[in-house]
Amino acid sequence: MKSIVLITGGSEGFGRELASRFAADGQALLLVSRRQALLEKAKRELESEFPTEVLILSADLTTREGRLSVKEYCLTNNLRVEILVNNAGMGTGGAFHKISAEKETMMIRLNVEAVNEMIHLFLPDMIESKSGIIMNAASAASFQPEPNMAAYAACKAYILSLTEALAAENKKTGVRVCCYCPGPCATPFLKKAGTDTLFDPKRNSGMKPPSVIIDRVYKEFKKGKTIIIPEKKFAFLRFLQRVVPRSLLLYVMAKVNAVKS
């Protein structure tokens, strides 16, 4: 049975950067995404740069059928998921009542339902073998409610809470559960979410490229951290969450996330 790192949303953005880090460490990969062309491109690039095997699977993780197809692919190909990276996600921005309910339902399916079910599909095998790692993509938006990104922040708060709870549950099983919490970054995510031109440009000033963020994430991941916050300003934000009155925090976030007029 071949051990692999399974990365959802592994064809671009943070997922693609993580794939490079794991491949550099000699890990075999299974990249899952909806877009076959991007998956094929990632496979070519990774296999030409690193001495590793890269498997790809096109699947729609917003559907139960898509998620089950990932498990079936692993069973059929005799693959053991040693590391599961739940990276796939999407976002929305703007006043809640102006955002398409259909789009936000799709986001909840990908950001919450898919993560939850992927863990259900692969965690039992990890516990049985007494080894494995689950790495979830949370966000700096996990730390507090965010006006004008209300549903997205709520999704990521779920992921942060779930990660911390499962990390505690699995302290003695041999399975490690962690998450990383990046802030806004220059990836395709912002454009797809429609937030690249929604907010005042100052909000996202000084954004680091994804390679820099993932370098920091991977370094902390290798150290065994549970909650990985790659930028100091967001680590400070999490600290403020504990000491600043919630009403003041919400006031500040409303100002930060003010939509351009």
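Right above here is the structure, for reference.
Given the structure is predicted, the values throughout are model-derived calculations rather than measurements.

Where charged atoms of side chains with opposite charge meet at close range, the side chains can pair. For the structure shown, the criterion picks out 14 salt bridges. We note a salt bridge from Asp215 to Arg21, for which the minimum N-O separation is 2.9 Å. In this pair, Asp215 is assigned in helix α7 (residues 210-222) and Arg21 in helix α1 (residues 13-24), connecting sequence segments 194 residues apart. For Asp215, a relative accessible area of 44% gives the class partly exposed. Residue Lys43 is joined to Glu47 by a salt bridge in which the shortest nitrogen-to-oxygen separation is 3.1 Å. On the criterion of helical spacing, the pair formed by Lys43 and Glu47 is a turn pair, its members being four residues apart in helix α2 (residues 36-49). With relative accessibility at 26%, the residue Lys43 sits in the partly exposed group.

Turning our eyes to something else, we now look at the packing of aromatic side chains. Summed over the entire model, instances satisfying the criterion amount to four aromatic pairs. An aromatic cluster is present here, built from Phe22, Tyr218 and Phe221 joined pairwise through their rings.

Turning to the environment of Ser100, a few remarks are in order. Here Ser100 lies in the loop between β4 (79-86) and α4 (101-129). Residue class for Ser100 comes out partly exposed when judged on its relative accessible area of 38%. From its side chain, Ser100 meets the backbone nitrogen of Glu102 in a polar contact 3.2 Å long. Here the side chain of Ser100 touches Lys103 through a polar contact of 3.1 Å, landing on its backbone nitrogen.

Further remarks concern helix α8 (residues 232-243). In this model α8 runs 17 Å from its N-terminal to its C-terminal C-alpha over twelve residues, within 8% of the 16 Å that 1.5 Å per residue would give. Those residues of α8 not exposed but buried are Phe234, Leu237 and Arg238. Down the axis of α8, the buried side of the element spans an arc of 100°, and every buried residue falls inside it. Looking at α8, the residues exposed on the side facing more than 90 degrees away from the buried face are Lys232, Arg242 and Val243.

Here seven strands make up an open sheet; going across it, the order is β3-β2-β1-β4-β5-β6-β7 and the pairing parallel. Only two strands of the sheet have a single neighbouring strand rather than two, namely β3 (54-58) and β7 (227-228). Where β4 meets strand β5 (residues 132-137), four bridges bridge the pair, whose relative direction is parallel. Looking at the pairing, Leu84 lines up with Ile134 of β5. The strands touched by α2 within the sheet are β2 (29-33) and β3, with β3 carrying the most contacts at an inclination of about 175°.

What counts and how
Residues numbered from 1 in each chain as written. Predicted model: local features only at pLDDT ≥ 70, side-chain atom pairs only at ≥ 80, totals over all residues. Heavy atoms only, no water. Salt bridge = Lys/Arg side-chain N within 4 Å of Asp/Glu carboxyl O. Helix = DSSP H or I, 4+ residues; strand = E, 2+ residues; numbered from the N terminus. Buried < 20%, exposed > 50% of the residue type's maximum accessible area, 1.4 Å probe, protein only. Phe/Tyr/Trp six-rings, centres within 6.5 Å; stacked < 30°, edge-to-face > 60°. Polar contact = N/O pair within 3.5 Å; in protein donor to acceptor, adjacent residues only side chain to side chain. Expected span 1.5 Å × (residues − 1). Arc of directions from axis to C-beta. Pairing = 2+ DSSP bridges. Contact = heavy atoms within 4.5 Å. Axes fitted to C-alpha atoms, helices over the stretch in contact; angles between N-to-C directions.

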